[in-house]
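Breakdown of the fold
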Amino acid sequence: MQITPVSPDVLVEEVAQLVADRPERVRLALDGPPPARPIVLAERVAVRLRELGRAVAVVSADDFLRPASVRLEYGREDPDEFLDGWLDVGGLRREVLDPAGPEGSGRVLPRLWDAAADRAYRDGYIQLPPDGVVVLAGALLLGRGLPLDMSVHLRVNPAALARVITDEERWTLPAYTRYSAERDPEGSADLLVLADHPDRPAVRRV
């Protein structure tokens, strides 16, 4: 294994190039806990891809959570339910990933559920062209059978995650431990980024 330190700008370019090398529609997941800032990376990658002539829809997994009545059935701080039951996998497939696939219509819904207000967003659908890109950003995305074309895992080691996660989110730490052990995001991702310090990332290469 070779660990290569890179600047945030170089990381953006490397992730964007993964997509740019594929001329068809691409469904890319940027997977990592909140301190790794996957949505920030997604927005920057989207800007770069648009500069390269690709239409991009950035989708936050936080906008595809299940309603509170389902999500919080076992309490507000259940780490197992956080891992297994918070994400609306069916809605994400139906509204985004399946339509963005090679045989899909290209008609995707960027946001589905406002978890804070606990009600549906009123966003309209957008139409992706045949070479359009969906960049899905969020935590605990891999190993769920989501139809993805490529993925990047932003790894934060357990000690670092425990240091930087907010007090309000500390109860989620056991979910990240299970995720790493059971779903092997490091081994399944197309690109592994060491993101203990998001401003000083490193890429691990074989």
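Nothing here was measured: the structure is a model prediction, and the numbers come from that model.

**What about helix α7 (residues 173-183)?**
Where α7 is concerned, the buried positions are Leu173, Ala175, Tyr176, Tyr179 and Arg183. All buried residues of α7 fall inside an arc of 160° around its axis, so they share one side. Summarising the geometry of α7, the exposed residues directed more than 90 degrees from the buried face are Thr177, Ala181 and Glu182. At its buried positions, α7 is contacted by β2 (26-31), α4 (79-84), β9 (150-155), α6 (158-164) and α8 (185-188). Once α7 ends, the next one or two residues include aspartate 184, with phi positive near 45°.

**Looking at the packing of aromatic side chains**
Scanning all chains against the criterion turns up four aromatic pairs. Summarising the aromatic geometry, the rings of phenylalanine 82 and tyrosine 176 are spaced 6.1 Å apart at their centres and angled 65° between planes, so their arrangement reads as edge-to-face. Taken together, the residues phenylalanine 82 in helix α4 and tyrosine 176 in helix α7 connect sequence positions 94 residues apart. Take tyrosine 176: its relative accessible area is 11%, and that puts it in the buried class. Arranged with centres 5.8 Å apart and planes meeting at 50°, the rings of tryptophan 86 and tryptophan 171 form a pair that is tilted. Here tryptophan 86, found in the loop between α4 and α5 (89-97), pairs with tryptophan 171, found in the loop between α6 and α7; they are 85 residues apart in sequence, far enough to count as distant. For the residue pair tryptophan 86 and tryptophan 171, the accessibility class agrees, reading buried in each case. Every member of this aromatic cluster is reached through a ring pair, and the members are Phe82, Trp86, Trp171 and Tyr176. One Lys or Arg, arginine 71, reaches over the ring of tryptophan 86 and ends 5.2 Å from the middle of that ring.

**Regarding the sheet that holds strand β11 (residues 202-205)**
Pairing is mixed across the open sheet formed by seven strands, whose spatial order is β1-β11-β10-β9-β2-β8-β3. With one partner strand each, in any of the chains shown, β1 (2-5) and β3 (56-60) form the two edges of the open sheet. Along the sheet, successive strands turn relative to each other by an average axial angle of 20°, direction set aside. Direction of pairing for β9 relative to strand β10 (residues 191-194): parallel, over a ladder of four bridges.

Criteria and cut-off values
- Residues numbered from 1 in each chain as written.
- Predicted model: local features only at pLDDT ≥ 70, side-chain atom pairs only at ≥ 80, totals over all residues.
- Heavy atoms only, no water.
- Buried < 20%, exposed > 50% of the residue type's maximum accessible area, 1.4 Å probe, protein only.
- Helix = DSSP H or I, 4+ residues; strand = E, 2+ residues; numbered from the N terminus.
- Arc of directions from axis to C-beta.
- Contact = heavy atoms within 4.5 Å.
- Phe/Tyr/Trp six-rings, centres within 6.5 Å; stacked < 30°, edge-to-face > 60°.
- Lys NZ or Arg CZ within 6 Å of the ring centre and 35° of its normal.
- Pairing = 2+ DSSP bridges.
- Axes fitted to C-alpha atoms, helices over the stretch in contact; angles between N-to-C directions.

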